[in-house]
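One-letter residues, chain by chain:
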Amino acid sequence: MLVTWRYRTRKSFIQWFDPRAWMIFYACFLAGTLFFWDVRFLAVFFAIALFSLLTSGVTWREMRRPFLFIGGFIVIYTFLTFLTGRGGEEAYKVEHLINKLAAPFMIFGWRPTLTITVERSFFAVSQLARVFSIAIMTILIPYTLNPSLYGVTFRGLGFPDKIAYAMDLTMRFIPTFGRDFQLTMDAQRARGYELEKISGGIIEQVRKLGPLIVPVTIHAIIGSEDIIDAMDLRAFGVGPRTWLEELHYQRRDRVLIAAGIVLLAASLTLLMFGYGGFWVPEALLRLAGG
Amino acid sequence: MKNKLVGVIIALVVILAIFLLLVYIGGNVMGVERLMTGENPMLRFAFVIVGLLIALGVYYGTKDSPAWEVGTRQVVWMAIGAALYAVFSWLFNGTVFFVPSISQVALRPAIAIPVFFGYAFGPIVGFFSGAVGNMFGDALTGFGLYPQWSIANGLIGFIAGLPLLFKDRKKSLDSVLGAGGVLTLIALVIYFINRTLPNMMFFDVPNNVFGDAPISIFAGISLLVGFALVLIVRFAFGKDLDLAASVTWGMLGNILGIGFAALSDIWINGYSLPSAIVGEFLPAAGPNLIFIAILVPLLVVAYRAVQKQSGR
């Protein structure tokens, strides 16, 4: 049985557009975000992402789980980058100290110390803006893209029929396999398999993961026979494919595509002229004695 | 079809040329720092095209082989492989089900999926499973996209599926094993000369170590451990050609695919060759190879049982 993403028809900004137009805009947005570490430019992307989120019509209740998972993950890794400074060293060479907090205790002769610098703090802010912008826009896709339009959307974006259909199936299978993994994990737990205590040497650990990975994979392959039969019975791949629903660009879709292209072109131009690299406000540097 | 393919190749070459021209004009002529190698986001996309051209080049040279046929079965297997790879990557990346790292070796069991799908169902299925699965996996974790790494994962599955191009699979095995051995040896020599370099793939969350620690001896020699396991599978199960070939070709795919991504960072992130090999290639390719050597034979045996049962 296929499990689906939590899509439903909503009166929302994203769903007002043709899904192809939105995917083109999303691709331009994504590529544009990757060009910048400057929080002033990233703020524009973050604002677009926030606007898309707030007008998406997706309730907090619906997207709470993925947001908490991904948000927590992003915050933890950004915080670790802030603590260690690792990750930002490619963006800045010199650090301006704001404060150095030393713990009042020692661990085996080592005193834990937190070094807060202007660069580390701003890098953390930039990283949060960058990654959250991408995450917000990505999380919204399964909630706002009609599953029955996956295939025709990818076909409309220029993919050949078979690749478009494979992409369509991939998106449909992901939640199903996630559910299958959960079921397999529960079944193995019921048999006394202790997932939380995977221990031993590396080879032993790898071997212990077999009872999870093998059943899910083989079950998926066995299940594929029904899908293959159904597709063969409908003469899949014999001639050019037609789709039950057709997509037609409206004026607003063309405007959105143009906006995406302008966003990407502007990002590229700024990059070409040397803008968009890591930035910290001069005033803060002066405050820190720089 | 031929004209279409040539068209695609020409389009990719033109886009690649435009990228390189932008980098040359912006970085070298205009002196824009962000367009020079070192921190160059545009080169990520250039390496995507390089990876695609490699795959298309192999296809073009052997396009008459039935290994390239894409029918209904292949379309469904592509989707299953990509979805499984995405789900496993997401689950095992620590977001849901945390697999602890051992002596700086982070475990990525999902890598067995593109290798198995490539070997069992052909290079196109392997490429799609690796590339699209990695892309969706990255999207699910919400940490953005690393296109050259997606293509590298695609190449792993692609190369694992190449034995379908050979009529005599056994003959090709020893050459592949030899090539893998030589590449492992080169990587190890670079490691032993540069043993103090940091392991850039290592995230030790409990101890707040974020890629700073010098590479551990185990992470450094993990590729050798993996290669030893491949040798064991190759010779202990030498009569079972499927087991030996899946693991041996998977090894080559893993070394070349991860090698492609790690070497691309010499230009994209400005790493030195030793940093790319010791800091990125060894900590990623070594553990991958251990997983390939153990999990792929399990999948091959299980799939064979299914084939026997279903008669397909």
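Note that this is a predicted model, so its numbers are computed, not measured.

About the criteria used
Residues numbered from 1 in each chain as written. Chains lettered and ligands numbered in written order. Predicted model: local features only at pLDDT ≥ 70, side-chain atom pairs only at ≥ 80, totals over all residues. Helix = DSSP H or I, 4+ residues; strand = E, 2+ residues; numbered from the N terminus. Expected span 1.5 Å × (residues − 1). Bend = angle between axes of the 7 residues up to and from the residue. Buried ≥ 20, exposed ≤ 12 C-beta atoms within 10 Å, placed from the backbone. Contact = placed C-beta atoms within 7 Å. Nonpolar A, V, L, I, M, F, W, Y, C, P; charged D, E, K, R; others polar. Domains from an automatic or database assignment. Pairing = 2+ DSSP bridges.

1. Focus: helix α7 (residues 202–233) of chain A
All names here are of chain A. Across its 32 residues, α7 extends 46 Å between first and last C-alpha, which sits within 8% of the 46 Å expected from 1.5 Å per residue. Bending of α7 peaks at approximately 40° at the position of Gly 210, with proline Pro 211 no more than four residues after it. Buried within α7 are the following residues: Ile 202, Gln 205, Val 206, Leu 209, Leu 212, Ile 213, Val 216, Thr 217, Ala 220, Ile 221 and Ile 227. Just beyond α7, the residue with positive phi is Ala 235, at close to 60°.

2. Regarding the interface of chain B and chain A
Of the residues lining the interface, 56 residues belong to chain B; the matching set on chain A comes to 58 residues. Those elements giving two or more residues to the side of chain B that touches chain A turn out to be α3 (72–95), α4 (112–121), α5 (123–141) and α10 (273–310) of chain B. For the side of chain B that touches chain A, the class distribution of residues is 40 nonpolar, 11 polar and five charged.

3. Re unusual backbone geometry
Residue and element names in this part refer to chain A. Of note, Ala 235 is a non-glycine position whose phi angle comes to about 60°, a positive value. Of note, Ala 235 is situated in the loop between α7 and α8 (251–272). You can call Ala 235 exposed: it has 10 C-beta atoms within 10 Å.

4. So, the domain arrangement of chain B
Residues and elements named next belong to chain B. Domain boundaries assigned for chain B yield domain 1 (1–68) and domain 2 (69–310). Contacts between domain 1 and domain 2 engage 18 residues on the former and 20 residues on the latter. Along the lines of polarity and charge, the residues of the side of domain 1 that touches domain 2 split into 10 nonpolar, six polar and two charged.

5. Observations concerning the pairing of strand β1 (residues 97–102) of chain A
Residues and elements named next belong to chain A. When you tally the buried positions in β1, you get zero out of six residues, a small fraction of the element. Sheet topology note: the β1/strand β2 (residues 113–117) ladder contains five bridges and is antiparallel. Looking across to β2, one finds that Leu 101 is bridged to Leu 114.

6. Details of the environment of Ile 136 of chain A
Residues and elements named next belong to chain A. For Ile 136, the position within the fold is in helix α4 (residues 118–144). When the C-alpha positions of Ile 136 and Glu 245 are compared, they lie 28 Å apart, and in sequence the two are 109 residues distant. Discounting chain neighbours no more than four positions away, the residues touching Ile 136 are Ala 49, Ser 52 and Leu 53.

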